[in-house]
Amino acid sequence: MNKALNWGILSTGTIAHKFAKTIKAMGEEAVLYAASSRDLKKAEDFAEEYGIVKAYGSYEEMLSDENVEAVYVATPHSHHFDHMMLCLEHGKHVLCEKSFTVNRQQAEVIFKTAKEKNLFVMEGFWTKFLPIYREVEKVLADGVLGDIRLVTAQYGYCTGTERGIRKFDPQLAGGTLLDIGVYAVGFASMILGYQPKAIETQVRFNDMGTDEFSSILLQYENGAIAQLTTAIQTTMPVLGCIYGSKGYMQINDFKSPSKFTVILNNGTEYDVKMDLEINGFEYEIREAQNCIMNNQLESSIQTPEQSIAVMDIMDQVRRKWGLVYPMEK
Ligand SMILES: NC(=O)c1ccc[n+]([C@@H]2O[C@H](COP(=O)([O-])OP(=O)(O)OC[C@H]3O[C@@H](n4cnc5c(N)ncnc54)[C@H](OP(=O)(O)O)[C@@H]3O)[C@@H](O)[C@H]2O)c1
């Protein structure tokens, strides 16, 4: 590697802090050069907290700084499309938080624009980059569980009103699906593929008109099924399971696991453990950085096609619910 990239961070919200902490912990491997916010004071405070050289009171100002090479977009998903487009128009490579966009169409436009401009864009679906998932893939590829028949994922949490606004507000593309349902859909897709042949779903809406909890059933060409339940304001263990003809695998905290358990029909049971180097974010940052520095415009771990396919599944689910966000009307 020649040198570390100069990262700029777009927004100073909750996950922006986690990104900044991670980059600091990565030492010389990565450089957080600039912070930007709609409010200069917030950007300055953020920059001071993490020892960042530049603080900007608007996203555009930061993007006009020619020393910024790659940008981490950490605004609500309602704004990912506009903010990624802004980055691309300013010639910056992009790592964008999940959900990548609000819908499939936006995702397609982003990747097309990036390709035309010779720029890298990747969805920060951090689960996919965790090395423990290479071990999960190995167990499946070795046929340890036999034929995979069913994947289940559940994830539910309660939040206070302060963070609740982003979590529920249709103006911010709130609701469970784009916030955490994306983890369940992404997990199922990692195991069973990105093209289910049929989708069924049930939903309950909250007072703001977005999804409070839902169940989604995906069926695949080979007969396998994924059963996904996610909720905000109902606590549920974060649990993913993969069931096969020879046994099953249990993955506690499937969005960022440090171990999984294999339980076979013949009575064998064992754990595979792998601690995170820092907090799990380092792997997606490293992947984005390596791709950019090697002039690779796409990641092979999280490809544009996969991000588009996940958005497409979530579009189909929302169509069945009749949920259209204001920015789509
Ligand atoms: N990978 C993960 O584990 C993970 C975890 C949480 C969230 N996320 C994703 O990261 C994104 C941000 O989530 P978050 O929890 O960090 O959100 P948040 O705490 O609400 O922060 C979002 C930030 O976006 C900026 N922003 C720009 N336009 C905004 C608007 N109209 N309304 C509100 N904020 C606006 C604000 O920063 P300024 O005021 O500084 O401009 C705000 O602080 C979401 O897409 C979410 O799904 C990922």
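Rules used in this analysis
- Residues numbered from 1 in each chain as written.
- Predicted model: local features only at pLDDT ≥ 70, side-chain atom pairs only at ≥ 80, totals over all residues.
- Pairing = 2+ DSSP bridges.
- Helix = DSSP H or I, 4+ residues; strand = E, 2+ residues; numbered from the N terminus.
- Axes fitted to C-alpha atoms, helices over the stretch in contact; angles between N-to-C directions.
- Contact = placed C-beta atoms within 7 Å.
- Buried ≥ 20, exposed ≤ 12 C-beta atoms within 10 Å, placed from the backbone.
- Domains from an automatic or database assignment.
- Near = placed C-beta within 6 Å.
- Nonpolar A, V, L, I, M, F, W, Y, C, P; charged D, E, K, R; others polar.

## Concerning the sheet that holds strand S14 (residues 269-273)
Phase 1 of the analysis: If you walk across this open sheet you meet the eight strands as S8-S9-S10-S7-S11-S12-S13-S14, and the pairing is mixed. Two strands close off the open sheet at either side, each with one partner strand: strand S8 (198-205) and S14. Between one strand axis and the next, the sheet turns through 10 degrees on average, direction left out of account.
Phase 2 of the analysis: Relative to strand S13 (residues 259-264), strand S12 (residues 247-252) runs antiparallel, the two sharing four bridges. Residue pairing for S13: Met 249 is matched across the bridge by Val 262.
Phase 3 of the analysis: Of the strands in this sheet, strand S7 (148-157), strand S9 (211-219), strand S10 (225-232) and strand S11 (236-244) touch helix H8 (residues 176-192), which is tilted by about 160 degrees from S10.
Phase 4 of the analysis: Strands in contact with helix H10 (residues 304-321) are S8 and S9; relative to S8, the strand with the most contacts, it is inclined by about 55 degrees.

## Some remarks on unusual backbone geometry
Phase 1 of the analysis: With an omega dihedral of -25 degrees, the bond running from Lys 98 to Ser 99 counts as a cis peptide bond.
Phase 2 of the analysis: Of note in the backbone geometry, Gln 233 takes a positive phi value of approximately 80 degrees without being a glycine.
Phase 3 of the analysis: Within the secondary structure layout, Gln 233 lies in the loop between S10 and S11.
Phase 4 of the analysis: You can call Gln 233 partly exposed: it has 15 C-beta atoms within 10 Å.

## Re the domain arrangement of the protein
Phase 1 of the analysis: What the domain assignment lists for the protein is domain 1 (6-124) and domain 2 (131-275).
Phase 2 of the analysis: For domain 1 and domain 2, the distance between their C-alpha centres works out to 28 Å.
Phase 3 of the analysis: Counting from both sides, the interface comprises six residues of domain 1 and, opposite them, six residues of domain 2.

## A few points about the site of the ligand
Phase 1 of the analysis: Taken together, 21 residues form the shell around the ligand, and within it Gly 13, Thr 14, Ile 15, Ser 37 and Glu 97 come nearest.
Phase 2 of the analysis: Of the residues forming the shell around the ligand, the biggest block, three residues, is contributed by helix H1 (residues 14-25).
Phase 3 of the analysis: Its residues placed into classes, the shell around the ligand shows six nonpolar, eight polar and seven charged.
Phase 4 of the analysis: There are two domains that each give the shell around the ligand at least three residues, and those are domain 1 (6-124) and domain 2 (131-275).

## Some details on the sheet that holds strand S1 (residues 6-10)
Phase 1 of the analysis: Pairing within the open sheet is parallel, and its six strands lie in the order S3-S2-S1-S4-S5-S6. Where the open sheet ends on each side, the last strands, each with one partner, are strand S3 (54-56) and strand S6 (121-124). Taken over all neighbouring pairs, the strand axes of this sheet differ in orientation by 25 degrees on average, direction set aside.
Phase 2 of the analysis: Sheet analysis places strand S4 (residues 70-73) next to strand S5 (residues 93-97), joined by four bridges and oriented parallel. Paired with Ala 70 across the strands is His 93, a residue of S5.

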